[in-house]
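What follows is each chain in one-letter form.
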Amino acid sequence: MEKEYPPARPPDGPAVQQAEIDALLDLEKHKLSTIPERRPNTAEKWMKYLGFPGGLAVFLLLYYMPTPAGLTASGQAVLACFSLALIWWICEPVPTYLTSLILMLALVFTNGWDEDHVLSVLGYDVIWLNVLAFVLSSILVKTNLARRLALHLIVRFGHNASKMILAFLILQLCLAPLIPATAPRAVMTLPLMLVVAAIYGSTSDKSNAFGRNLMLQNLLGVNIFSSGFMTGSTANLIGISLIMSLSGEKVYYTDWMRANLPVVIITMGIMWFLAPRLLIRLKPEEKKPVIPGGIETLKRQLERMGKFSFSEKKAAAIFGLVIFLWVTDRFHMQWFGFEIDPVMAAMAGVIITFLPKIGIIKWNEADIPWHLMIFSAGAYAGGLALDNSGAAKWAIGNLFQYLHIVKGTSFLLVYVIIIAVNMYSHVFFTSKTMRTIIMMPMVIAIAQQLGFPTLSLALPAAFTIDWVVALPISAKPNVILFSTGQYSVLDNIKYGLTAATIGIGILVLAGLTWFRWLGITP
Amino acid sequence: MKTTVRLLGSALLGLVLCLTGSARELSSYEETVALRPDGSAEIRLVLIFPDVAGAETLIPLRSASPQALDVKGLEPERVRLVENDGRRFLALDLSGSGPASRTVEITFRMESFFKAGPAGAFGNRDLAYRFVNVTFDRIDKFAAILILPPGNVYNTVDDFLPKAKASGGAVPYGFVRTEGRDAARLTAENLKLGDEARFVGTFKSGRKPPILLWVLLAAAVAYLVFFRGILKNEKNVTGPKP
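All residue numbers refer to positions counted from 1 along the written sequence of the respective chain. Lettering of chains starts at A and numbering of ligands starts at 1, both following the order in which they are written. Confidence filtering applies because this is a predicted model: local features only for residues at pLDDT of at least 70, side-chain atom pairs given and counted only at 80 or more, and all residues used for totals across whole chains, interfaces and linings.

1. Here's the deal with the overall build of chain A
Stated formally: Put simply, DSSP marks the helices as runs of H or I at least four residues long and the strands as runs of E at least two long, and each gets a number from the N terminus on. As a reference, a globule follows 2.2 Å times the number of residues to the power 0.38, and the radius of gyration itself is taken over C-alpha atoms. Note on burial: count the other C-beta atoms lying within 10 Å of the residue's C-beta; 20 or more is buried, 12 or fewer is exposed, in between is partly exposed, and C-beta positions come from the backbone. Note that contacts rest on C-beta atoms placed from the backbone: two residues are in contact if these are within 7 Å.
Assigned secondary structure in chain A consists of 24 helices and zero strands. Its C-alpha radius of gyration of 23 Å places chain A within 12% of the 24 Å reference for a compact globule of 522 residues. In chain A, which comprises 522 residues, the proportion classed as buried is 54%. Contacts in chain A between residues at least 24 apart in sequence constitute 81% of all its contacts with a sequence separation of at least 6.

Right, dumping it as structure tokens:
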């Protein structure tokens, strides 16, 4: 039973209250394109101070050591550059977008990847999707639709922080089977998160534990719930097609869901319960909306908003159209003769948004955090270079060799190693697809080599594909949520690695029980 | 470009010769190319024939002027050099009686396998290896080992054949160390008449200029000295984060 806490401040006069509420909920004042200032704590200061020389030391070590057998010179250079960037992204001796720029320059100057490829990353679909998604998000903010929906949500569930976060998690769980792309799900819910966080006193300028927990729980939810459904992400389907083509084993939608959905829900349940209590502790005053007057004031605020305005309806229609296209992608071929991918669907929505007279906003009103695009471009360039140079495959192959998995090793040990390596390897990749393409054939080969049923290792390994939660660069939704400035890279690592470790534990337990009953593990 | 044209030309010529001459199956074709710093290469071909019945077999040589040519596993009178349009072929007479399978080893040296002059940007040198099956109906197992000159390392792989069968399928090449030298091993199976195996990439010296080492070490030390205020000052000097 959660203790009831009084509102943060006693209610003031109605006029003062209204002005304060308006100021708090005015997301225009907390633009994502403006980089918020954060004061580092002592640990973060030390990380900043030591991260710079530490990153350089690792770079020099990897770059100047003799090229290991099986690795190309460009692969070695990319490994060195990516390691430097990874340390700097985590420790932040320089801003993350600057690290990305340095990484791109280093890749070219060390002959790791050529200039044309590095520069072309800014034109990749992931960057386009981010830009378009932020424009769409802007219309929800501009028309106050985000505020209305968030107020509805908070009046219904917002009596305490835990319930509020749980409401978001349920929302993410419902969206996961409907929208197979994770980034659109993050974009759809981002404005709601921002308004709710603001109501609980957390903004990009001055974030609190509630804001950090809300964003990071959503980050986990968007990614991990995808893992509960075979169609939760494209990478899942690639993983399954690799299993089917390389081993001949067939896996059905329901096989996947029956096996992994319980794992996902249990892990998220544990994270929802533990994280705000242990990882980023909520102070008593952060468990309630900071609005003077509490929920009653918010109820009145919602009533004051009156009926849906015309611009809100337009925004809802545009967003609805885009969501409709995202949700119905599997029917596009039948309807249109071609498939509209998430980027093109978002672009259609953005075009309507900017149309004179019909549209809702002008270019200057779109809140696009360009620093984030540069950050993403650098991260993707590094990740793609790792793949392109063969360095990622070499590193993973060597890791498996180092772990010395040989015939005669017990299934349980092999299972734990496979799950752990697959789960934690996402730290070194920026694309689920690339990781799947590299890891799955190795897992299948190991299973076949050791004489274990292929599915017993390959399917649980495939269940870890969507657990891309440890870093802001690990997946598209992570980048989008990181743009809110509500949490640091270190917060993300803490949350993500804890969730991944709990996930490993649950998957191992499932391997010994649930998966065995389902006939997946021997 | 010239090399490519020459190679393709010889491939087509071989194809024509092959169609008019003998065609047979080969159990294994293994070619080892050991590159030298001057651009020349020592080439060793090991061919395993499943049987010796059949007429003369033409093996295309990569050079119009192969040096130190030597053939083992076949009597000298059964081997002769054939020249067609400036390209050299080794005609092997495998007719008549003999063991059920025969291994023939051909070694020779050739000039200008790669351009040995000044290296390109970043010290990179281009390396292209192509093999077109112009002789045999089928080659069961094909392998080419490209050994770099001492002290060099592979830098990039720009093109290869056969392509991986599916996304995520294994690539047909891998890198190994052979007697302390970097080598690429290209493999293929079931190469039919006209099929190609290809490896195109770059390599460079394994030595790296030490200037970057000293510059970055100096930068690291300078940072520790001049940015120590980060630990004390609330307003850090590196600016905000996104």
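2. Details of the nonpolar core
Residues and elements named next belong to chain A. This is how it is decided: To form a nonpolar core, buried Ala, Val, Leu, Ile, Met, Phe, Trp, Tyr and Cys residues must be joined through C-beta atoms within 7 Å.
Judged by nonpolar contacts, the single largest core of 218 residues is most densely connected at C81, L107, V196 and A458. For this core, the element with the most residues is helix α3 (residues 73-91), which contributes 15 residues. If sequence neighbours within four positions are ignored, C81 has contacts with F59, L103, A106, L107, T110, G112 and G382.

3. Things to note about helix α21 (residues 454-462) of chain A
Residues and elements named next belong to chain A. In terms of burial, α21 is a largely internal element, eight of the nine residues being buried. Among all positions of α21, only L455, S456, L457, A458, L459, P460, A461 and A462 are buried. The inward-facing, buried residues of α21 abut α11 (234-247), α19 (411-424), α20 (432-450), α23 (489-512) and α24 (514-517).

4. Considerations on the interface of chain A and chain B
We count it as follows: Residues are grouped as follows: nonpolar covers Ala, Val, Leu, Ile, Met, Phe, Trp, Tyr, Cys and Pro; charged covers Asp, Glu, Lys and Arg; every other residue, Gly included, is treated as polar.
With 43 residues of chain A in contact, the opposing surface of chain B contributes 31 residues. Mapped onto the side of chain A that touches chain B, the elements with two or more residues apiece are α2 (42-64), α3, α4 (96-109), α11, α17 (370-388) and α20 of chain A. Within the side of chain A that touches chain B, the residues separate by chemical class into 27 nonpolar, 10 polar and six charged.

5. Structural notes on unusual backbone geometry
All names here are of chain B. With an omega dihedral of -5 degrees, the bond running from L161 to P162 counts as a cis peptide bond. By the element assignment, P162 lies in the loop between β10 (152-161) and β11 (173-178). Phi is positive for N190, close to 55 degrees, though the residue is something other than glycine. Residue placement: N190 occurs in strand β12 (residues 181-192). On the neighbour-count criterion, N190 (11 C-beta atoms within 10 Å) is exposed.

6. Notes on the pairing of strand β5 (residues 79-84) of chain B
All names here are of chain B. Inclusion rule: Paired strands, in this sense, are two strands between which DSSP finds at least two bridges.
In terms of burial, β5 is a largely surface element, zero of the six residues being buried. With six bridges joining them, β5 and strand β6 (residues 87-93) adopt antiparallel strand pairing. Within β6, the position partnered with L81 by the bridge is L90.

7. Overview of the domain arrangement of chain A
All names here are of chain A. Our working definition: All the domain ranges listed were derived from an automatic or database domain assignment.
Here the domain parsing of chain A yields domain 1 (42-112), domain 2 (126-370) and domain 3 (382-517). Placing the centre of domain 2 and that of domain 3 at their C-alpha centroids yields a distance of 25 Å. Looking at the side of domain 2 that touches domain 3, the elements that each hand over two or more residues are α6 (125-142), α9 (182-199), α10 (209-224), α11 and α12 (253-278). Within the side of domain 2 that touches domain 3, the residues separate by chemical class into 32 nonpolar, 18 polar and three charged.

8. Some words on the confidence of the model for chain A
Our working definition: Each residue carries a pLDDT score, the predictor's own confidence in it, on a scale running from 0 to 100.
Looking at chain A as a whole, its pLDDT mean stands at 86, while 93% of the residues score no less than 70. Under a pLDDT of 50 for its full length, residues 1-12 of chain A has, in the predicted model, 19 contacts with residues more than four places off or in other chains.

9. Regarding the sheet that holds strand β3 (residues 56-60) of chain B
Residues and elements named next belong to chain B. Our working rule: Here the axes come from fitting lines to C-alpha atoms, over the contacting stretch only for helices, and the angles between their N-to-C directions go from 0 to 180 degrees.
The antiparallel open sheet is built from three strands, whose spatial order is β3-β6-β5. Every interior strand has two partners, whereas the edge strands, β3 and β5, have only one. Mean inter-strand twist for the sheet, computed between neighbouring axes without regard to direction, equals 30 degrees.

10. Here's the deal with the sheet that holds strand β2 (residues 41-49) of chain B
All names here are of chain B. Taken together, seven strands build an open sheet; the order of strands is β4-β7-β2-β1-β9-β12-β11 and the sheet is mixed. Of all the strands in the sheet, just β4 (67-72) and β11 have a single pairing partner and so form its edges. Each adjacent strand pair in this sheet contributes to an overall mean axis angle of 15 degrees, direction not counted.

11. What to know about the packing of α3 of chain A against α17 of chain A
Residues and elements named next belong to chain A. Defined as follows: To sort the angles, those under 35 degrees are grouped as roughly parallel, those over 145 as roughly antiparallel, those from 65 to 115 as roughly perpendicular, and the leftovers as oblique. Here a crossing is called left-handed whenever its near helix is offset anticlockwise from the far helix by less than a right angle, and right-handed whenever the offset is clockwise.
In contact at an axis separation of 9 Å, α3 and α17 are set at 150 degrees when each is read in the N-to-C sense. For the element pair α3 / α17, the angle class is roughly antiparallel. For the element pair α3 and α17, the recorded crossing hand is left-handed. Along the contact surface, α3 presents V78, C81, F82 and A85, while α17 presents G382, A385 and L386. In the contact of α3 with α17, the residues fall into six nonpolar, one polar and no charged.

12. Here we look at the packing of α4 of chain A against α17 of chain A
All names here are of chain A. Put simply, α4 and α17 touch, their axes get as near as 8 Å, and they point 40 degrees apart. Relative to α17, the element α4 is oriented oblique. Read as a crossing pair, α4 and α17 show a hand that is left-handed. Residue-level inspection shows T96, Y97, T99, S100, L101, L103, M104 and L107 of α4 in contact with α17, the latter providing H371, I374, F375, A377, G378, A379, A381, G382 and A385. The residue inventory of the contact of α4 with α17, partitioned by class, reads 11 nonpolar, six polar and no charged.

13. Overview of the environment of W89 of chain A
Residues and elements named next belong to chain A. Residue position: W89 is located in helix α3. Sequence separation of W89 and G505 is 416 residues, and the distance between their C-alpha atoms is 28 Å. Beyond its immediate sequence surroundings of up to four residues, W89 is in contact with T96, T99, I473 and V489.

14. Observations concerning the confidence of the model for chain B
All names here are of chain B. Chain-level statistics for chain B give a pLDDT mean of 82 and a share of 81% at 70 or above. When mean pLDDT is taken per element in chain B, helix α2 (residues 211-226) scores highest with 95 and helix α1 (residues 2-20) scores lowest with 46. Per-residue pLDDT stays below 50 along residues 1-23; that stretch engages in 31 contacts with residues further than four places along the chain or on separate chains. Across residues 235-242, where pLDDT falls below 50, the model places 30 contacts with residues more than four positions away in sequence or in other chains.

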